[in-house]
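# Overview (structure and organization)
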Amino acid sequence: MPASRQTSWAWASGLTVTLAATALLLGGVVAVGPWDGVFLFRDFVTVPDPVLGANTGGGDAAPRAVPLDAVVAALSVLLPSGLVARILLVSPLLLVGCGMTTLLRRHGPVATAVGAGLAITNPYVAERLLLGQAPSLLGFAMIPWLVLAVRAQRPLRVRLLLVLLAAAPAAITPVGTVMAGVTVLVVATAHVHSRTGRWAGQVRQAVALMVPVGLLSLPWLIPALAHPSAGAVRDGADAFAVAADGPWGTIGSVVTLGGVWAGGAWPDSRGNAAVLAAQLVLVLGAASAWWWLRRAHRPGRPSRSALDLAAMAYVAGVVWVLLLAGPLLPVWRELQQVPGLALARDTHRWLGWSALAVAALVAVGLAHLVEVSTARTVPVAPCETTTKMRGRPAKPLSKCGRGDVLAACAVVLALGTLTVPDVPARLARDAGPVAVPAEWTTVVDLVNAGPKGAVLLLPWQPFRQVDRVGPVQFLDPFPRALEAEVLHSRTLTVRRDGVAWEVGGEEDPKVRALATGTSMDAEALREAGISQVIIWRQTPGASPTPGQGVSVVHDGREWQVLRVGQSP
């Protein structure tokens, strides 16, 4: 098959599988109405009209959603907010599938199809989606693009621009920026070689390639430096360590790319040993591909350095995550006090490199196994005389074993799907859009038009749960819709292994005491800088009763709005 035609087939197969896998996982979420509805699912929360207000920069808390909230608000000026939310959901999957297709295109259609499919349908992606953290998956999604940018055979100034473009989507969350920076640093360093007189120059290039990522980090790095201790709680290491999400324990869960800390984000299928075995087969297939391709290296196959880099990505990710949940946990617990390290406490997210390594190794291994099998089955250029003597017409190589090739791809892709068999239905059930009650607009307009001062959200809990949305909890959406500073609980209680871990400590103790008391009067609220209070009526939790000088300006079915009177 001509090289140009093979490349075209590689692009077509990879993009087709990307679209199919994305539709499989998220079709039941993004392709349904209400189209003007909002998404209220764990950490993934949207509002009809997000604003650029006092809460966009994260306030005094750790800037976990910086500059994500600002990007969403800006895009919502140009596009309907429901469309922006759907783009945020599907873009990580589309980008990682297209990235794997681009990275593996020279290895043919088998590699691109399998690589794209396995990069999307795996336990790592599934558990991050079930946690409501689709935007943070953009850091994972841009890894193939960053590898391409760093290893591009172009002048340094062009590579700098490519790295900037590839890192930009990842940089809408701090976690994504960190993943981009680590990827660039490791790939650039691995690309350095020790030829005489070139080592120093290559090291300088590796450092230079980190500059675009550093610049993209400034929107969240500056507020983080202003509040370096925000979120720095020792218990965070225990609360967010990887956990056993199936019968094979923590080690088996992590080796098979699962083990997220939140039990509510575990697919039910992870309790099935056969599902875990399917992912283990893929991991063992990746290891076999690395061993075989490295020993039988020949032109057209991945270089040994590329194979070793992929193997290192899987092993380093798995081993490091397990160490932080085991022998190194006491050290990791103490290091949480170091400014900035709290960002890395959810260690499961760092398995993204391992997930992509498995996808890439299985893809190139299967592609070259099919190539070898085909070459051994049919002569490359059968002799005309020999063909006539045998009395058979010559069979073209391009048609030989086509059914076998398709079957091999289908089996591996089906195996990838079997690692997350119940996730599409669960996402469709729990993560879809919900209608916005008319009262929402009334409350938002009333509060935004109210007196200057902070807005207190009650009950004093970080998550809400209401019947009209369903049984799944979700972050309070009001901070994204209100222009004034919003004071709300940021302390998360994580219950695991019979222990309750409280992670937070980012709110003012005086405000916390006021919000968790039995009553609140105007003087105490004014001292805290609070001018208005919003109380959720149908969510779990108790709220203090309004005292003297606090008036009710809205008393609806779902919310009550209180306004603090001016001092006499």
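Residues numbered from 1 in each chain as written. Predicted model: local features only at pLDDT ≥ 70, side-chain atom pairs only at ≥ 80, totals over all residues. Heavy atoms only, no water.

Next up on the list: the overall build of the protein. From N to C terminus, the protein includes 23 helices and 13 strands. A compact globule built from 568 residues would reach a C-alpha radius of gyration of about 24 Å, and the protein, at 27 Å, matches this within 12%. Dimensions along the principal axes, computed over C-alpha positions, put the protein at roughly 110 × 55 × 45 Å. Within the span of the protein, comprising 568 residues, buried residues form 51% of the whole. In the protein, the share of contacts with a sequence separation of at least 24, taken over all contacts with a separation of at least 6, comes to 77%. A total of about 25300 Å² of accessible surface is found on the protein, and carbon and sulfur atoms cover 63% of it. Taking the average place of the 46 positive charges on the side chains of the protein and the average place of its 34 negative ones, the gap between the two points comes to 19 Å. (Helix = DSSP H or I, 4+ residues; strand = E, 2+ residues; numbered from the N terminus. Rg over C-alpha atoms; globule rule 2.2 N^0.38 Å. Buried < 20%, exposed > 50% of the residue type's maximum accessible area, 1.4 Å probe, protein only. Contact = heavy atoms within 4.5 Å. Areas by Shrake-Rupley, 256 points an atom, 1.4 Å probe, with all protein chains shown as cover. Lys, Arg positive; Asp, Glu negative; His and termini not counted. Charge placed at Lys NZ, Arg CZ, Asp CG, Glu CD.)

Of all the residues in helix α2 (residues 68-78), the buried ones are Leu-68, Asp-69, Val-72, Ala-73 and Ser-76. For α2, the angular spread of buried residues about the axis comes to 135 degrees, placing them on one side. Residues Val-77 and Leu-78 are exposed on α2 and point more than 90 degrees away from its buried face. Packed against the buried residues of α2 are α3 (81-104). (Arc of directions from axis to C-beta.)

What follows is about the packing of aromatic side chains. One pass over the full model with this rule turns up 11 aromatic pairs. Seen from their ring centres, Trp-440 and Phe-478 are 4.5 Å apart, and the 20 degrees between their planes marks the pair as stacked. In this pair, Trp-440 is assigned in helix α21 (residues 438-448) and Phe-478 in the loop between β5 (474-475) and β6 (486-487), connecting sequence segments 38 residues apart. You'll find Trp-440 and Phe-478 in the same group, each marked buried. Taken together through their ring pairs, the aromatic side chains of Trp-440, Phe-474, Phe-478, Trp-536 and Trp-559 make up a single cluster. (Phe/Tyr/Trp six-rings, centres within 6.5 Å; stacked < 30°, edge-to-face > 60°.)

This part covers the packing of helix α8 (residues 156-170) against helix α9 (residues 174-191). Axis separation between α8 and α9 bottoms out at 8 Å; the angle between their running directions is 150 degrees. In terms of axis orientation, α8 runs roughly antiparallel to α9. Where α8 crosses over α9, the handedness of that crossing is right-handed. Residues Arg-159, Val-163, Ala-167 and Ala-170 of α8 touch α9, and the partners they reach there are Gly-176, Thr-177, Ala-180, Val-184 and His-191. (Axes fitted to C-alpha atoms, helices over the stretch in contact; angles between N-to-C directions. Parallel < 35°, antiparallel > 145°, perpendicular 65-115°, else oblique. Left-handed = near helix turned anticlockwise from the far one by under 90°.)

A word on the nonpolar core. By size, the foremost hydrophobic cluster in this structure holds 110 residues, and its most contacted members are Leu-26, Val-114, Tyr-124, Leu-129 and Phe-140. The greatest single-element share of this core, amounting to 14 residues, is contributed by helix α17 (residues 352-377). Counting residues in hydrophobic clusters, the runner-up holds 22 residues, among them Val-443, Val-469, Phe-474 and Val-561. (Core = buried A, V, L, I, M, F, W, Y, C linked by side-chain atoms within 4.5 Å.)

Another aspect to go through is the layout of surface pockets. Estimated volume of the second largest pocket: approximately 1400 Å³. Considering the residues around the second largest pocket, the lining is formed by 48 residues, among which Leu-103, Ile-143, Val-147, Val-187 and Leu-309 are closest to the centre. Considering each element in turn, the lining of the second largest pocket owes the most residues, 10 residues, to helix α15 (residues 304-325). For the lining of the second largest pocket, the class distribution of residues is 39 nonpolar, six polar and three charged. (1 Å grid on protein atoms, 1.4 Å probe; cavity = no way out; pocket = protein on both sides within 12 Å on 5 of 7 lines; lining within 4 Å. Points joined across faces, edges and corners; volume = space filled by probe spheres on them. Nonpolar A, V, L, I, M, F, W, Y, C, P; charged D, E, K, R; others polar.)

Turning next to the state of the cysteines. By the definition in use, this model includes zero disulfides. In this model Cys-98 remains outside any disulfide bridge; the closest cysteine sulfur is found in Cys-409, 18 Å from its own. You can call Cys-409 buried: its relative accessible area is 11%. (Disulfide = S-S within 2.5 Å.)

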